[in-house]
Every structure is written in structure tokens, then in C-alpha cells.
Amino acid sequence: MNTTAMGRLTATLARRALPSRSTPVYGRVRRALCSGATLDGELEAAAAVCEVVFSGAGSLDEVGGRLDRLGVSVSPALVGRVIDSCGEMGVGGGSGRRLLRFLEWCRSKNPGALDDEALDRAIGVLARVGDLTAMRIAVGDAQKDGRRMAPETFTTVAEALVKAGKEDEAVRLFRGLERQRLLPQPGVGGDGVWSSSLAMVQALCKRGHAREAQGVVWHHKRELSAEPMVSIVQRCLLHGWCVHGNAKEARRVLDDMKSSGVPLGLPSFNDFLHCLCHRNLRFNPSALVPEAMDVFAEMRSYGVTPAASSFNILLSCLGRARRVKEAYRILYLMREEKSGCSPDWVSYYLVVRVLYLTGRIIRGKRLVDAMLESGVPPTAKFFHGLIGVLCGTEQLDHALDMFKLMKRCELVDTQIYDLLIEKLCRNGRFEVGRELWDDATKSGLVLGCSEDLLDPLKTDVFRPASTAQRLSPQKYKCLVQKKKITAVGSKKDAAIAASRKK
């Protein structure tokens, strides 16, 4: 390895591979830097080891031989630095198994440098970077050696498996550790009471696997039947059924919580409202407002005041169903403070967005002006979404008006310039695009789009094949009916052709 490459790798390792401030190794490294100790040699040795472990060159069997040729001394600091560099860089593509081979090599050279804490941290790093194969190997070795994982590591491993769609494997791992009596011991941590079964339930419910979580709860009733475990488990199950989309089971859990006296808060009701609204969005959009209002009344009777986030769930579903009048009426109730809370910028955004999508541009602009007059502060995301909708519906003049309003609020950034310049130039409005380019350059912004967009000879201008025509309701229904008949006919032809082949 030449001097320049070694220097770059050493600098990268110094920036990224050093342990975090919360670890004891960081304190030792910082004291060495301040005292002028010879840290360069240690960093160069660690950089060389990382080059062998994470470069991907050579087979797994060659890793040990290449590490032997380096002649470095194995120490707990070196092992921790290499493990942390794996987590910081997020390496993948088989590098996790090379890290395991490095740990085996360290154990053969200096068994004292590789303690249970380092192996436990390596399992957590492999779970976070998503190398499930290497993680399974490390967990299997830990089970064979009879080592007990730390609570944080077990939680990370369970969440990684569930996130990857391996919830059955996560439950099998939990049961296997339970049979071998290797589950982390329950206790009280920084976040409150912790137990392995509770961590398993939370990991499953976070991804909507409430049925599997109920099985874990049933097998550990004695452990999870005391407070505050009961309240946490019930809230997790409610969240799990809501993520799964089963409103019937979510209602059952909610009623059980109310009958057993479990305290309910705004997040629990919002989870149930989200599940209920999305079910009605799919099967019965007409019931969106009535059933949501029933939930709001239930919240108030229980002593929980609906917040703007609760109404935003309903407004989002109404916008997706294009129920403009109902969405506008809900926002009106919020503005008049008849609903018990005031709207935020998300509430206005959801209603203005559906107004723009349905062609009610002027009404939407008036609503934006009313929002600013009422003192609700907008955000850059508010303008990004609305300008994107206007550009997508080919309302470029109104998008430029919204951009001017965004400039008055001092929320302009490079993303909105890139969007407008490309859209204007693709539609043949190069002069306006040049004005925006010059304005961004004067403001000192570095744009992501290319200046070639401003050249008519290099940019393809979008030209519609036919002029847009506004259809009457009768013609629109006839066109939709014709398309349905054509689709049914094509399906029948395909079925007849398939039967003839048989």
C-alpha cells in the first residue's frame, strides 16, 4: 500500500472508525491525542487491518494469512476500533462474515483481547448494517458457547429480523434462547422496565405482527401480568393490530384497555383512528367523517382532547378519497375552534393539496393567504408539496406565484429552484428558467440541475400529442363505461385462449 493511500485511509479511520464519546476507548484516544502520544502508529495499524477486513479482496480463508503478514498486535482497542468502523461505514456484501473471521483470528492470537462485550457489540453492529447471515452465525456461536446477549443487543437482533420479514425466525430465536436459559435478564434500564418478552412483543407489533405478539404474551402471562407491563403490552398490541389494518381486533383491544383501567392517551386513539379511517377509505369512504366523529366523541368522554394530528389523519384520508367538501368543512370547524383545536400547517396543506388536485386553484390560494393571515407559520415542506402538485398538474403560473410567496417567507432552497427550472425548460419557457437560474446564482445557491437545461438546442421540450379537452359529465361516464367494457372483453378473450390451449 503506497503512502498516499495509507494517509487517506488513516484520515478516514480517524474521522469515522474512532469509538463514540460514550465508550471508554474514546476517552483513552482523546487523552493520547492531547498528551502527544504516538497515536499515528495505532491508527495506521488499525487502518491496515480495516483494509484487509473490509476491502473484499481475497477469500475468507485468506483473511487470516493477510492479517498475519501485517504483524500487528491484537489489543482490545484494536478490536473495538475495527468493530466500530464496521458500524460507522455500514459495510455489506459479505464484509460481515470477514469481520467474523477477523474476530476468530483475534481469539487465536490473544484470547484476552476478545471479551464477551466485544462479541456482543459485533452482533449488534451486524444486525444494524443488515448482514443477517453473519448475524445468524454470530448468534449461533454465542448460543453454543452459552453466552448471554445484552438487552440492547437482543432488541436490535429481534428488530432486524422482524424488519427483514423474518418474524417467525425471530420468535424461534426467542424460544430457543428461552429453552437454553440464555435470555437477557429483566431489569430496570434508562427507558424503564425491560424484559426480553416485552422487547419481543414491541419488535413484532412495530411491524404489525400482532398475532405473533399475542402468542408471546400468552406464553409469558406470569411475567407480563403485572404493572407497568400490562399497560405497555396492551398499547403495543393495539398499535400492532392498527398497523396490520385489523380494525375489529384493534377495537377489541381498545375496549379491553378501557374496561381494565389501562390509561389511554392521544397516541393510542390516533393509532385506532388511523386504522379505522384507512379501512373506510378502502371499503366505505362515505363513513369516514361519521365514524371519525364518533371516535373524537369517545376521546373527549375519556378525557383526551383531539389534537391537530388527530384531525390530520381524517383530512389525509378525505383528500385521498377526493371528498373536497367534507375536508373543507372539517378545516372550517378547526379554524372556528369548534373542534377543540386549531389547525397547523399540515391541516392547511392537506386541504389545499386536494383543492389543487381537483382544479380549485383560486380557492386553494385564498386558503393559503388565510393561513398566513391567521399566523400559522408555514415550512419549506409545505411549499415543496404544493409547488410539486402545481407543476405536476401543469399549472406553472400558479406554481411561480407560490414560489414568490415562498421567497417572501424566506424559505427558498436549492430543491425548489431545481424543480422549477427543469419544469419550465421542459415546457419551453427558457426565459423564465434563465431568470430563476440567475436569481439563484446571485443568492449564492449551488443548484443541482445542469445549466444545459437552459439551452433550447440541448433540452427536449415536452409537446402533448393532442390538446387537452374538458369532457362533460355525460361524455366522461360514457368513456369510463367504454373502457370497462373493453377491459372485460379482453379478459374473456384471454380466458377463451387459455381454455383452447388446454
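Residues numbered from 1 in each chain as written. Predicted model: local features only at pLDDT ≥ 70, side-chain atom pairs only at ≥ 80, totals over all residues. Heavy atoms only, no water.

A count of helical and extended segments in the protein chain gives 26 helices and two strands. The burial tally for the protein chain puts 42% of its 502 residues in the buried class. With the model as given, the accessible surface of the protein chain reaches about 27,500 Å², and the carbon-plus-sulfur share is 51%. (Helix = DSSP H or I, 4+ residues; strand = E, 2+ residues; numbered from the N terminus. Buried < 20%, exposed > 50% of the residue type's maximum accessible area, 1.4 Å probe, protein only. Areas by Shrake-Rupley, 256 points an atom, 1.4 Å probe, with all protein chains shown as cover.)

Counting residues in each nonpolar core, the largest one holds 145 residues, and the members touching the most others are Phe-102, Leu-103, Met-135, Phe-154, Tyr-356, Ile-387 and Met-402. Counting residues per element, this core draws most heavily on helix 20 (residues 345-357), which supplies eight residues. When neighbours within four sequence positions are excluded, Phe-102 is seen to be in contact with Val-49, Val-53, Leu-67, Val-79 and Val-82. (Core = buried A, V, L, I, M, F, W, Y, C linked by side-chain atoms within 4.5 Å. Contact = heavy atoms within 4.5 Å.)

With that settled, consider the pattern of salt bridges. Tallied over the full model, the rule gives 21 salt bridges. Note that Arg-252 and Glu-249 form a salt bridge whose closest N and O atoms lie 2.8 Å from each other. In this pair, Arg-252 and Glu-249 are both assigned in helix 15 (residues 247-260), three residues apart and thus about one turn of the helix distant. Relative accessible area serves as the criterion here: at 33%, Arg-252 is assigned to the partly exposed category. Between Lys-407 and Asp-439 there is a salt bridge, with its nearest N and O atoms 2.8 Å apart. Taken together, the residues Lys-407 in helix 23 (residues 396-408) and Asp-439 in helix 25 (residues 430-442) connect sequence positions 32 residues apart. Given a relative accessible area of 21%, Asp-439 falls into the partly exposed group. (Salt bridge = Lys/Arg side-chain N within 4 Å of Asp/Glu carboxyl O.)

The phi dihedral of Arg-181 is positive, around 55 degrees, even though this residue is not glycine. For Arg-181, the location among the structural elements is in the loop between helix 10 (167-179) and strand 1 (187-189). Positioned with a positive phi, Glu-337 is a non-glycine residue whose angle comes to about 60 degrees. Its place among the elements puts Glu-337 in the loop between helix 19 (324-335) and helix 20. What makes Glu-337 exposed here is its relative accessible area of 58%.

For helix 20, which comprises 13 residues, the first-to-last C-alpha distance of 18 Å matches the rise-based estimate of 18 Å (1.5 Å per residue) to within 8%. Along helix 20, the residues classified as buried are Ser-347, Tyr-348, Tyr-349, Leu-350, Val-351, Val-352, Val-354, Leu-355 and Tyr-356. Buried residues along helix 20 sit in contact with helix 18 (308-320), helix 19, helix 21 (361-373), helix 22 (380-392) and helix 23. Taken from the residues just after helix 20, Gly-359 is the one with a positive phi, measuring 85 degrees. (Expected span 1.5 Å × (residues − 1).)

In this section: the packing of helix 6 (residues 95-109) against helix 7 (residues 116-129). Where helix 6 meets helix 7, the closest approach of the two axes is 11 Å, and the angle between their N-to-C directions is 175 degrees. Here helix 7 runs roughly antiparallel to helix 6, going by the angle between their axes. In contact with Gly-96, Leu-99, Leu-100, Leu-103 and Arg-107 of helix 6, helix 7 contributes Leu-119, Ala-122 and Leu-126. Of the residues belonging to the contact of helix 6 with helix 7, the class tally is six nonpolar, one polar and one charged. (Axes fitted to C-alpha atoms, helices over the stretch in contact; angles between N-to-C directions. Parallel < 35°, antiparallel > 145°, perpendicular 65-115°, else oblique. Nonpolar A, V, L, I, M, F, W, Y, C, P; charged D, E, K, R; others polar.)

Bringing the packing of aromatic side chains into the picture now. As enumerated under the stated definition, the model contains eight aromatic pairs in all. A centroid spacing of 5.3 Å and a plane angle of 85 degrees characterise the contact between Phe-382 and Phe-383, whose relative ring orientation is edge-to-face. Overall, the relative accessible area of 0% leaves Phe-383 in the buried class. Cluster of aromatic residues (ring-pair linked, three or more members): Trp-345, Tyr-349, Phe-382 and Phe-383. For Arg-363, the ring lying beneath its charged end belongs to Tyr-328, and the centroid distance is 4.1 Å. (Phe/Tyr/Trp six-rings, centres within 6.5 Å; stacked < 30°, edge-to-face > 60°. Lys NZ or Arg CZ within 6 Å of the ring centre and 35° of its normal.)

So, on to helix 25. For helix 25, which comprises 13 residues, the first-to-last C-alpha distance of 18 Å matches the rise-based estimate of 18 Å (1.5 Å per residue) to within 8%. When we look at burial in helix 25, the residues that qualify are Phe-430, Gly-433, Leu-436, Trp-437 and Ala-440. The buried side chains of helix 25 occupy one side of the element, clustering within an arc of 120 degrees when seen end-on. Within helix 25, the exposed residues directed more than 90 degrees away from the buried face are Glu-431, Glu-435 and Lys-442. Residues of helix 25 that are buried make contact with helix 23 and helix 24 (414-426). Downstream of helix 25 by one or two residues, Gly-444 has phi in the positive range, about 80 degrees. (Arc of directions from axis to C-beta.)

Running from N to C, helix 9 (residues 151-163) and helix 10 cross one another at 150 degrees; their axes reach a closest spacing of 7 Å. Between helix 9 and helix 10, the angle falls in the class roughly antiparallel. The two elements helix 9 and helix 10 meet at a crossing, and its hand is right-handed. Contact residues: helix 9 offers Phe-154, Val-157, Ala-158, Leu-161 and Val-162, while helix 10 offers Glu-167, Glu-169, Ala-170, Leu-173, Phe-174 and Leu-177. (Left-handed = near helix turned anticlockwise from the far one by under 90°.)

Turning our eyes to something else, we now look at the side chain of Asn-312. Residue position: Asn-312 is located in helix 18. Other than its neighbours up to four places away in sequence, Asn-312 contacts Asp-344, Val-346, Ser-347 and Leu-350.

Among the secondary structure elements, Val-351 is positioned in helix 20. Given a relative accessible area of 1%, Val-351 falls into the buried group. Among residues more than four places away in sequence, those in contact with Val-351 are Leu-315, Ala-327, Tyr-328, Leu-331 and Leu-367.

Quick look at the state of the cysteines now. Inspection of every chain in the model, using the stated rule, returns zero disulfides. With no disulfide of its own, Cys-317 has Cys-277 as its nearest cysteine by sulfur position, at a separation of 4.8 Å. Given the relative accessible area of 0%, Cys-317 is considered buried. (Disulfide = S-S within 2.5 Å.)

Bringing the confidence of the model for the protein chain into the picture now. This prediction gives the protein chain a mean pLDDT of 83; 85% of its residues lie at or above 70. The low-confidence segment residues 1-39, where pLDDT is below 50, has 37 contacts with residues more than four positions distant or belonging to other chains. Segment residues 188-192 is flagged for pLDDT under 50; beyond a separation of four residues in sequence, or across chains, it makes two contacts in the model. (pLDDT = per-residue confidence, 0-100.)

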